[in-house]
Amino acid sequence: MRRSRRLWGAAAVVTTLSLVLAACGGGSSSSGSSGEVDPNGTFTVYGTEPQNTLIPTNTNELGGSKAVDAMFAELVAFKGDNAQPYNQMAESITTTDSKVFDIKIKQGWKFHDGTEVKAKNFVDAWNYGAYSPNGQINSTFFENIQGYDDVHPADDNAKPTTDKMSGLVVKGDYEFQVTLKAPFSVFATKIGYTAFAPLPDVFFKDPKAFAQHPIGNGPMKFVSRTPNVDIKLTRNDDYKGQDKVKFKDLDIKIYASQETAYQDLLSNKLDFIETLPPSALAGSKYKTDLKDNLVIGHLLGISTIAVPYYVPGYDNLDLRKAISMAIDRTQITKTVMNDTYVPADGYVSQGIEGYRPAVCEFCKFDPTAAKAAFAKSGFKGKLTIASNADGGRKEPLVAACNSIKNVLGVECDFVPATDFGQWRSIVTGHKLTGMGRSDWSADYPSIEDFLNPIYRSGASSNDSVYTNPAVDQLLEQADSTPDKDAAIKIYQQAEDAIAKDLPSIPVWDEKGVAAKSKHTKTVTLDFRRRADYSSVEVTK
Amino acid sequence: MIRYVLRRLLQLIPVFFGTTFLIYVLVWAVPGDPFSGKCGQTACPQAYVDLMTEKFHLNDNLILQYLKYLGSLFTGDWGETFNGTSVGELIATSYPITLRLALVAVLIEAVIGLTAGVLTGLRGKGFLDNLVLVSTTFLISLPVFVTAIVLQLVLGTELGIIDTSVSDNPGFGELIVPGIALGSLSMAYVARLTRTSIAENRHADYIRTAIAKGQPNSRVVGVHLLRNSVIPVLTFLGTDLGALMGGAIVTEGVFNINGLGGLIFRGIQNRESATVVGVVVLLVLVYLLMSLIVDLLYAVLDPRIRYD
């Protein structure tokens, strides 16, 4: 008895001492996790099975890009926390007219197979991506480049006459020139998108074999991939870029359900998940579950409700104003969306360069004005909002509908589509019978990416089938303005014009709520809903 | 006996073609463009759609598509997913895991279910009988996903006894809890079936005769009573192994087990028609095979069927 007490005493002294020592040593452990940073640690992230082959020109969704973006470095990269573009592989990008871009690349960068990255690797990769028989999913990203129509004819039945775009000219080992069809001032930002990565010579010999074992020039190297199980990458120690990683192995673990991944995260078997399952969001349970391990970012995206011009009765500005002012955005984002979104007040995402608050003057909740506008519109009948109902899409729209119903006293129904695929085919086939959800996430951080693809006449995602020649003209003018700040001013004018027409009703803007494990000391969520790997520090 | 086996084998052929055709049509004839949601908010480039349409023969009519699919199936080619992974390979890596899981589940339901059934069937009314009755009713009323998620949350997240998800290539030990979740429903049925069957046969003439002849109790129960009582249970267990391979969809989804159920789960989520068709065709084969084996076992257990 006595002896054991003495032992206890000794143990207590030792423990206290070691605790004090540990506290002194690990002085920087302020963010809730303790322990030293482990430069040879493994970072395990939630993953989904890539939809396409792991080639930059053929990857456009989150599952695949988590691996592809870590393996490849483009000319331009975006900072993880604020999405500011900076030159990565590019030494310089110069233009005088926004039409001809002279691009010099840095020397001494190597692909993972040891070959040097040269200007021709970019040109060859872009030509490959644009050439229509290759059927690359990102082919349309090259459409600004002169000669695109020769390698990718607009007519689906026509055969391309050549496989090289005339707008791409190699000027030397480390320099090439890009000529666009028309001036496009945002091109120097756009080339930071995944599809513009260089490809090594070995790719062109056997693309199929390459897809099984991709070789990039980025901060991480491919190790192995087991379909439906995981994708393993490891640090490229020869990497010269700014976005080096501070851990050794990346394990993208593929899950069938987010719920399970979330449980694994809570048990520290998984280090990062970029989105939370509905069960965790319900009643803001995630806040108590995660505490210090909650990661909040800001995604560059915006949710709107498109009001199609082709639906009879809806082509009515007063009705659109009435609907917009009848939606209580603050309440819905707080209660239904559990603080994971903020109310939207314009057509571009908050936090993007050129964003101004309150551009959409009818986006404020104003029941009296809404009622007045609705009476003026003379609308009779029922309002509907359609969307795919999965993935938590339904609840906020039902809430919006209820808000409209309560304020305007008009029937409002949510119309579900079975899944995202069916939903998009309804929208692109112009078969909407009422309003429809129209969300947009930026491919690259630019105000341009929120306007051109959605509100230009005939644009690829113009879900409302909106046309306004004045807007088209402003967008064209902004595209051809080489000075960035001047261009942004003109894009803002276009946004103002759109806000007057209200072709779609901005509703909310997603914060991006992610979660990390205890083993992860720091991690930032980037604007594309991915962990910014260069910000990650894992502890022992 | 041989004629019986032959007749059963011949019956498999039309069933195989009928079911696979139905599956193929149901999966590929889903209205809507399979590529409409693949490119986010923008439509996919036509060049990509064309390439994929040609690869999956989507321009042919459905009958021709099916025949082409069968043709490649008979040469051992299960097709490819949209991201270029061979479905055959996917199946090859995942079926052993599902088989392991299904075996664990069948073992659990057979051992626990049969024991509970035999005990309650022999004893008749009493505390044990009521206990089994209540607990099986409880299990039957719970859907598998509830059982699975509750087990995962309580044993995994809360108590930390098990891992919330299993590893890439799990051993039998890791599969016990998912196996319980998967087998719980059938376990309840097995217990009920056995109990009724035993209780009925306990008063049959041949049992009375066996007892009158002075056979030891263990032999009466073990050989005379069980052999006859187990026939309906065996039918159930046999087809259940097939059902478990498919029923694992939910359980494998919850515990992130990379088996056939997980494959279907993801295939449906991602609209990977090739995977879904491939796995379901395989499950049909398993089903057919299992019902064949059960029928043959029937013949072994009950001579009257054999000489039919």
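Refer to the preceding data block for the structure.
Structure report, in brief. Bear in mind the structure is a predicted one, so any value in this text is a computation, not a measurement.

Criteria and thresholds
Residues numbered from 1 in each chain as written. Chains lettered and ligands numbered in written order. Predicted model: local features only at pLDDT ≥ 70, side-chain atom pairs only at ≥ 80, totals over all residues. Heavy atoms only, no water. Helix = DSSP H or I, 4+ residues; strand = E, 2+ residues; numbered from the N terminus. Rg over C-alpha atoms; globule rule 2.2 N^0.38 Å. Contact = heavy atoms within 4.5 Å. Areas by Shrake-Rupley, 256 points an atom, 1.4 Å probe, with all protein chains shown as cover. Lys, Arg positive; Asp, Glu negative; His and termini not counted. Charge placed at Lys NZ, Arg CZ, Asp CG, Glu CD. Buried area = accessible area lost by both parts, 1.4 Å probe. Salt bridge = Lys/Arg side-chain N within 4 Å of Asp/Glu carboxyl O. Nonpolar A, V, L, I, M, F, W, Y, C, P; charged D, E, K, R; others polar. Expected span 1.5 Å × (residues − 1). Buried < 20%, exposed > 50% of the residue type's maximum accessible area, 1.4 Å probe, protein only. Arc of directions from axis to C-beta. Disulfide = S-S within 2.5 Å. 1 Å grid on protein atoms, 1.4 Å probe; cavity = no way out; pocket = protein on both sides within 12 Å on 5 of 7 lines; lining within 4 Å. Points joined across faces, edges and corners; volume = space filled by probe spheres on them.

With that settled, the discussion passes to the overall build of chain A. Counting secondary structure elements, chain A contains 18 helices and 21 strands. The C-alpha atoms of chain A give a radius of gyration of 26 Å, which matches the 24 Å a tight globule of 540 residues would have. Taking the contacts inside chain A whose residues are at least 6 apart along the sequence as the reference set, 70% of them involve residues at least 24 apart. When the accessible area of chain A is evaluated, it comes to approximately 21800 Å², of which 52% is carbon and sulfur surface. Each charge sign in chain A was given a centre, from 60 positive and 66 negative side chains, and these centres are 7 Å apart.

Attention shifts here to the interface of chain B and chain A. Each side of the interface is counted separately: chain B has 38 residues, and chain A has 48 residues. In this assembly, chain B packs against chain A so that about 3400 Å² is buried in total across both faces, 49% of it on carbon and sulfur atoms. At the surface where chain B touches chain A, the tally comes to one salt bridge. Put simply, Lys208 of chain A and Glu80 of chain B hold a salt bridge, and the shortest N to O gap is 3.5 Å. Among the secondary structure elements, those contributing two or more residues to the side of chain B that touches chain A are helix H2 (46–55), helix H6 (144–158), helix H9 (217–254) and helix H10 (260–269) of chain B. A total of five residues in the side of chain B that touches chain A trace back to one element, the largest contributor, which is H2 of chain B. Here the residues of the side of chain B that touches chain A sort into 13 nonpolar, 18 polar and seven charged.

An α-helical turn contains 3.6 residues, so a residue and the one three or four places further along point in the same direction. Residues and elements named next belong to chain B. Given a rise of 1.5 Å per residue, 15 residues ought to cover 21 Å, and the 21 Å separating the end C-alpha atoms of helix H5 (residues 127–141) matches this to within 8%. Within H5, the full set of buried residues consists of Asp129, Val132, Thr136 and Leu139. For H5, the angular spread of buried residues about the axis comes to 100°, placing them on one side. Exposed residues pointing more than 90 degrees away from the buried face of H5 are listed as Phe127, Val134, Phe138 and Ser141. Turning to H5, the residues buried within the fold contact helix H4 (87–123) and helix H7 (176–201).

With that settled, consider the state of the cysteines. Residues and elements named next belong to chain A. For the structure on display, the rule yields two disulfides over all chains. Cys360 shares a disulfide with Cys363; S-S distance 2.0 Å. Classification of the bridge connecting Cys360 and Cys363 rests on its S-S torsion, roughly 80°, and on that basis the disulfide is right-handed. The buried category is assigned to Cys363, whose relative accessible area is 8%. Here Cys401 is linked by a disulfide to Cys412, with a sulfur-sulfur distance of 2.0 Å. Linking Cys401 and Cys412, the disulfide has an S-S dihedral of approximately -75° and is accordingly described as left-handed. On the criterion of sequence distance, the pair formed by Cys401 in helix H14 (residues 394–408) and Cys412 in strand E16 (residues 412–417) is long-range, its members being eleven residues apart. Residue Cys401 is classed as buried on the basis of its relative accessible area, which comes to 2%.

What follows is about empty space enclosed by the protein. Any space left empty among the atoms is revealed by the rolling of a water-sized probe across them. Inspection of the entire model under this criterion finds six cavities of 30 Å³ or more. Counted as a void, the largest cavity has a volume near 100 Å³. Along the wall of the largest cavity there are 13 residues; nearest its centre are Glu49 and Asn228 of chain A together with Leu90, Glu272 and Thr275 of chain B. Ranked by the residues each element gives to the lining of the largest cavity, the list is headed by H10 of chain B, at three residues. Per-class residue counts for the lining of the largest cavity are three nonpolar, seven polar and three charged. As a volume, the second largest cavity reaches approximately 80 Å³.

This next bit is on unusual backbone geometry. Phi at Asn268 of chain A is positive, roughly 60°, even though this residue is not glycine. Inspection of the secondary structure puts Asn268 of chain A in the loop between helix H8 (258–266) and strand E11 (272–273). A positive phi angle is found at Asn256 of chain B, which is not glycine, with a value near 50°.

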